[in-house]
Each structure stands twice: as C-alpha cells, then as structure tokens.
Amino acid sequence: MRNLWDDREARGFEGDLGLRVYTSRLLGRDASLVLHGGGNTSVKIRETTLYGEDDILYVKGSGWDLATIEPAGFAPVRLSRLLHLAGLERLSDPEMVNELRTALTRADAPTPSIEAILHALLPFRYVDHTHADAVVTLTNTADGERRVRDLYGDLVVVIPYVMPGFDLARACAERFPGERTPRTIGMVLMNHGVFSFGETAKEAYDRMIRLVEMADAELETRGARVTTAPAEAPPPFPRLEAARLRRAVSEAAGVPFLLHFDRSPRTFAFVTRPDLDVIAREGPATPDHVIRTKRLPLLGRDVAAYARAYRAEFEALSASARAPVTMLDPAPRVVLDPELGMAAAGRSAREAGIVADIYRHTMDVIERATCLGGYRALPPEAIFAVEYWDLEQAKLRRAGPPPVFAGETALVTGAASGIGAACVEALLRRGAAVVGLDVDPSVADRHDAPAYLGLACDITDPAALEAALDAACERFGGVDMLVLNAGVFPRSRPIAELEGTEWRRVLRVNLDANLDLLRLCHPLLALAPGGGRVVAIGSKNVPAPGPGAAAYSASKAALTQLARVAALEWGAEGIRVNVIHPDAVFDTGIWTEEVLRSRAEAYGLSVAEYKRKNILRAEVSRTHVAEMAAEMLGPLFARTTGAQVPVDGGNDRVI
Ligand code: ZN
C-alpha cells in the first residue's frame, strides 16, 4: 500500500472538483482498493445557481470508473434534497433513483451513485469509499467486528452489514452521529468496505491510505499471507478439456461465453489447496462483486450440477425477494479446477478479464482471512438481494444489446497485413475475440485490446500451430471461426520454367498448412457453442486461371476442393465451410505502386482504369473481401455451406 499523492501532479487539477477527480483516480489506480467501477467518492461545493447560493454534492456517477473519471463523471445533486430523503422512513429503489435524478442541477449528468444519500449525510467536504482488500479481509472473519474495533478504536465508526442504498444510509444516520469522536476519520462497513473523509481531497485520501495501511500491517503481524507457489508444477494445458468446459458453460448460459484461463503459480497454489471445498464455498468479498462472479465459483467441471444448485438456490431465495424477480442464467462465471487452473467467463474478453481480476483479489482475501481462523462471507440471502437488485442489474444492462459475435473467437491466418488484417478488424468490430497468426512478428502489436491476441507463427510448422491453438484456448477458451487467409503469391513463371522447389513451397503454405490447421481445429470447431465456421480465401484464379500462375492457381483450386470436402464431412457437426474468390484486390502488400504501373501499362491502361478493370467498373478493396468473410461467418449465411462467392467486381470469365 503506497500513498500516491504527488504535489506536482495535483497542481495540474483545478479547484475542489479538480482535486476530487485527482484523488479519485489515485484510488482507482490501486486495484487492492477498488476494482472495475467499484467504490465511490464525493465533494460538497457551495455554488451560485439561478436561485442564489446552494450546496451541491458532486458524487461519482453510475457507470464511471474511479481510475479514469473526469469532472463530467461526477453527478451534481442538490444537497438539501438528499438530506430531506435521508429523513424519510421508507424509500423504494425506483423512488430513490427518481429522486436522485430529479435533484440534479445538470440534466445531462449521469445517475448519481446509489450511495449518494450516505455521502450527503456525512458532514465532511470530501468523502472516499473503497472496498479495500485488507479491510474486507479483516471484516470477513468469524470475529471480524472485534478485530476491526481492536485495531482502529474510535478512528472509525463500525457499521454492521446492511444492504447498500437507502437502508445503509439510514443505518449510518442512526449510528454515526452518536459514535463518532473528534478522532474519527472513517467508517468501516462490515463485509463491505471502508469510508474516509476530510476537509480537503488530500486529507480524505491520506486517511483512506492510513486506514488501509493499518489493516495491512495487522494482517502482516498476524501472519495472514498469500501462498504464491503451488505444491507441484502445473499440469500441461488440456486444450480440448478447456473447450469442452466452455461449451458446457455456454450451454448453461444459453449464449456463447469466452473463458479466460489463469494458470499462474499463485492461482494453482489456491486451486490445489486441500481445503478449497470449504474456503471457496463462502461467497464474494464484497457484495457488488456478485454481479460479475455470481455468489460461488464452480469447483471442478460439472457445469450441469452447478446450474441445478443455482436454480435451487434461486427458487428458495426468490420467495422472500423485495420484488418479483426473473432468474438470471445459471452458468458459473468462475471455475476452479486443479488441472485447468482458474477460468473466468465473460460475454467479451474485457468482461472475462474483469471477472478474473475480481476473483484473483477474492483468492487473496479468502486465503489471508483463512490464516486468521476462517473466511466468512455474507449469508446467501444478503448476496442474493444484491445479485437480484434491479439497481445492480441496471449497471449490466447499460452495456446495450450484444454484438453479433459476442462470446465467440475467430482465428485468422496472415493477420499482419492485407486481407487478413482487414478480416481481423471486421471481426473485432462485430464483437469477436480474435487470434491473429502471421510469420511477421508485428502481428503481436496490431491491436491493443483484450479481445485481440496476435501471435508470430509459421503455419507450415505443425508444432507452432499446436502452440498457437493452446495460447488461443488459454486466452479465450476455444476457436469458433477460422479464416484461412495466409498464402504466398509467387512471381509469374511459365510451367516450362517452374521448379519443383518453388511449386512445393507454394503448395506447402497455400494448401498443406491449411490442411494441418483444419485438422487441428476440427475438434475445437465441433465444440463451438454456436456451431463452427470456416471461410477459406480462394482466388478468381480457381474458376478462371491465368498463364504464369500454375502453382498459385493449383494451390488455391486444391484449397477450394479441400474446403468443399470439409463442408461435406463436417456438416453433421454443425460446421459450415465456405470459400471467397477475390480478384484484383490492390490495397495489399503484393501490389506496390511500381507493380501496378507496369501491369497497367501492359494492358495499355492508366492505373485508375486498371484498378476498375471489371464488369462493375469498381475498385475492389481488402475491406470488401473482409466484410464478405465476416458476413459468411455470421447469421446471414446460417444455412449456407460449401459455397463459393466471388468478390471481384464481376468477371466475364467467371460469370
Ligand atoms: Zn461499496
């Protein structure tokens, strides 16, 4: 735990709200304090409005992340209205949200945090709230409240667990004024988190760090540490088992999910603990994690049993819910397995990454609390209330409808340039996770996004393909779509002068490597929750070959035939295989300005005329080919397999 305040950095932020932004980001920068949208902060500012002077609470807006928050991320709410609300006996959730929104001074502001009333009640200018690992480790133990009181004395007011929102604000209003002393700098919420406050942004932040440091030191003194090395070396990654697990999770959820595997030594140390069955069956470290991780992880791989247990728990607990609720999907979000490690499930790579991050912190909290005599989470009813709390579910709904390839992975060969690079973009845009392979190592850095994995790989080396598929399955859990694009286009040469080495080199890349890849991917495609799909990039040369291109034309014709046979053999497993025949795609690496000019001259045309030398008189770009590939992988072609579609602007030799 480090105090990150930096005077020079702080000078870059202006005014009370500016410094509120600065220290909120400092909190957000430390994952042991807040994770992915967790925590909230506020500042009370006196402002002149149309009606005169008024006190405004600037509180974190829902949907903003402390790490990246901007001034616009703070919702300005009239303080007097919030204090009024705090005095009510009862306030339903929809009423609260309506009141919070109508008390804003700016119509386009985000919805204030559900803790806005609590922030308003605390009589300090700056209020910071986190779910600090060290503090929840202390609170989530059998005698947590005593530990917290012994450690902090009257530095903090201790609030027993109450559901966040209006009820929590009411509970704090009842306890805080009577229990605070002049020494009080914060508040600990049992099984939830910690508040600090001060008259300046720096004071509130310093106090948060101080409270967390005290908790850290206490854990250290009590020997509450994390095991970082497993008893034995992790077993090799069973790629197909991982894909089978992903299939089962997706089936339980009813939609495709990605699985992100964590096989670090630290994670293996946790998942191979002999007491895993006990310590991992308690629940989340802080309630709002439940919307990402669900209450419990799946131990082992019996997804169907997990779903049955989830359904049973839902039926038992929904009977006493505040309002009628509909069951969410019963698929696990975290799987702990002694052979696979940890798997985090998400509809996107980003979402799976968030789940993994949250559970990595949960493992630390559980393990350290276990050292203190036992980890204790909230009872299932309390977690259920938060999981099925409409205000929490609204956070997820804000993401909008999912893109067409949500939860699916595509593998593209020759992904560093040309048509392959354009396919990667088209697939990422449609929400797929994409694995790009290329001999060019720059493929690794083409996209900086959790949904992209670029791997330098020579596809003619079967061992390299195996390694790439392992990496793909470890990162995303499987391969649903395959774009066979990599190929070489040798210099024009008549058959009489064509050497065997050249012929074999072209066939090895354009044909043999694709056979290897199809064979290795077949079991993964067969396990794809939405059905496997393959697009092979053929060539106009297949239906209409040209002189001087024997090796290229023969390799692409053979690839086409290979794809057609795959369509026949794999159809019963729901795998679709189609072929695109592009022609004259000039925005690729092969076509330099110089080559273009010489080809145009050979036809007695200008370069512009040469590029439009087709029936539609229209240029064909790599984007046209990539968009066709993406659509052929999508629902538009759901009932099409074994087809060959030209993307060539129309060619009289083909038509
Ligand atoms: Zn909280």
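Only a predicted model underlies this, so the values are computations on that prediction, with no experimental measurement involved. (Residues numbered from 1 in each chain as written. Predicted model: local features only at pLDDT ≥ 70, side-chain atom pairs only at ≥ 80, totals over all residues. Heavy atoms only, no water.)

Peer 1: Looking at this structure, I do not really get the sheet that holds strand β14 (residues 452-456). What am I missing?
Peer 2: Each strand in a sheet pairs with its neighbour through backbone hydrogen bonds, running either in the same direction (parallel) or in the opposite one (antiparallel). As summarised here, the arrangement of the seven strands in space is β14-β13-β12-β15-β16-β17-β18, forming an open sheet in which the pairing is parallel. Each edge of the open sheet is held by one strand with a lone partner, namely β14 and β18 (644-647). Within the sheet, the average angular offset between the axes of one strand and its neighbour, ignoring direction, is 15 degrees. When strand β12 (residues 409-413) meets strand β13 (residues 433-438), the two strands line up parallel, connected through five bridges. Pairing of Ala410 across the sheet is with Val434, part of β13. Together, β12, β13 and β14 form the strand contacts of helix α19 (residues 462-476), whose direction differs from that of β14 by roughly 165 degrees. (Pairing = 2+ DSSP bridges. Helix = DSSP H or I, 4+ residues; strand = E, 2+ residues; numbered from the N terminus. Axes fitted to C-alpha atoms, helices over the stretch in contact; angles between N-to-C directions. Contact = heavy atoms within 4.5 Å.)

Peer 1: How should the sheet that holds strand β9 (residues 298-299) be read in this particular structure?
Peer 2: Read across the sheet, four strands follow the order β8-β11-β10-β9 without closing on themselves; strand pairing throughout is mixed. Each of the sheet's edge strands pairs with one partner strand only, and the pair in question is β8 (258-262) and β9. Here β8 runs beside strand β11 (residues 341-346); their pairing, made up of five bridges, is antiparallel. What sits directly across from Leu259, in β11, is Ala345. Strands β8, β10 (334-337) and β11 of the sheet are contacted by helix α15 (residues 349-371), whose axis makes an angle of about 135 degrees with β11.

Peer 1: What am I meant to see in unusual backbone geometry here?
Peer 2: When glycine is set aside, most residues are seen to have a negative phi, and most peptide bonds are trans. A positive phi angle is found at Asn191, which is not glycine, with a value near 55 degrees. Topologically, Asn191 is positioned in the loop between β6 (186-189) and β7 (193-198). A positive phi is found at Arg617, a non-glycine position, where the angle reads about 55 degrees. Residue position: Arg617 is located in the loop between α23 (607-611) and α24 (622-633).

Peer 1: Would you mind going over the domain arrangement of the chain with me for this structure?
Peer 2: Buried accessible area, meaning the area lost when the parts come together, often serves as the stated size of an interface. Domain annotation of the chain identifies domain 1 (7-222), domain 2 (239-394), domain 3 (409-585 + 622-647) and domain 4 (590-619). If you average the C-alpha positions of domain 1 and of domain 4, the two centres end up 65 Å apart. (Domains from an automatic or database assignment.)

Peer 1: For this particular structure, what's the right way to read the UniProt feature "domain: Class II aldolase/adducin N-terminal" (unreviewed entry) in the chain?
Peer 2: Under the feature "domain: Class II aldolase/adducin N-terminal" (unreviewed entry), the UniProt entry names residues 19-219. As a span, residues 19-219 carries 42% helix and 21% strand, and end to end its C-alpha atoms are 31 Å apart. (UniProt positions renumbered as here; feature names shortened; annotations may be inferred.)

Peer 1: Can you help me understand the pattern of salt bridges in this one?
Peer 2: Proximity of charged atoms lets side chains of opposite charge pair with each other. Within this structure, the stated rule accounts for 49 salt bridges. The partner of Arg146 in a salt bridge is Asp143, and the shortest N-O contact between them spans 2.8 Å. Since its relative accessible area comes to 44%, Arg146 is described here as partly exposed. Under the relative-accessibility criterion, Asp143 is labelled partly exposed at 29%. (Salt bridge = Lys/Arg side-chain N within 4 Å of Asp/Glu carboxyl O. Buried < 20%, exposed > 50% of the residue type's maximum accessible area, 1.4 Å probe, protein only.)

Peer 1: Looking at this structure, I do not really get the UniProt feature "domain: Ketoreductase" (unreviewed entry) in the chain. What am I missing?
Peer 2: Per the UniProt record, "domain: Ketoreductase" (unreviewed entry) is annotated on residues 408-594. Taken end to end, residues 408-594 comprises 41% helix and 17% strand; its first and last C-alpha atoms sit 40 Å apart.

Peer 1: Would you explain the coordination of the zinc ion in this entry?
Peer 2: Each pair of donors in an ideal octahedron of six around a metal sits at 90 or 180 degrees, and each pair in an ideal tetrahedron of four sits at 109.5 degrees. Every protein donor of the zinc ion is listed here as His129 (NE2), His131 (NE2) and His192 (NE2), and their distances to the metal cover 2.1 to 2.2 Å. Along the chain, the residues donating to the zinc ion are arranged with the sequence spacing H-x1-H-x60-H. Taken together, the residues His129 in strand β4 (residues 126-130) and His192 in the loop between β6 and β7 connect sequence positions 63 residues apart. Each member of the pair, His129 together with His192, is buried. (Donors = N, O, S within 2.8 Å, 3.2 Å for Na, K, Ca; no water.)

Peer 1: Hey, could you run me through the environment of Ser606 in this one?
Peer 2: As for its position among the elements, Ser606 is in the loop between α22 (593-602) and α23. Residues Ser606 and Ala10 lie 596 residues apart in sequence; the distance between their C-alpha atoms is 60 Å.

Peer 1: When you look at the packing of aromatic side chains in this model, what are you seeing that I'm missing?
Peer 2: When we look at a pair of aromatic rings, we describe it by the centre distance and by the angle of the planes. The final tally for this structure, using the stated rule, is 12 aromatic pairs. Ring plane angle 55 degrees and centroid distance 5.2 Å describe the contact between Phe314 and Tyr388, whose orientation is recorded as tilted. Remark: Tyr388 occurs in the loop between α16 (380-387) and α17 (390-397) and Phe314 occurs in helix α14 (residues 303-318); sequence separation between them is 74 residues. Across the pair, exposure class does not vary: Phe314 and Tyr388 are buried alike. Chaining the aromatic ring pairs together yields one cluster made of Trp5, Phe13 and Tyr22. The ring of Tyr603 carries Lys613 above its face, with NZ or CZ at 4.4 Å from the centroid. (Phe/Tyr/Trp six-rings, centres within 6.5 Å; stacked < 30°, edge-to-face > 60°. Lys NZ or Arg CZ within 6 Å of the ring centre and 35° of its normal.)

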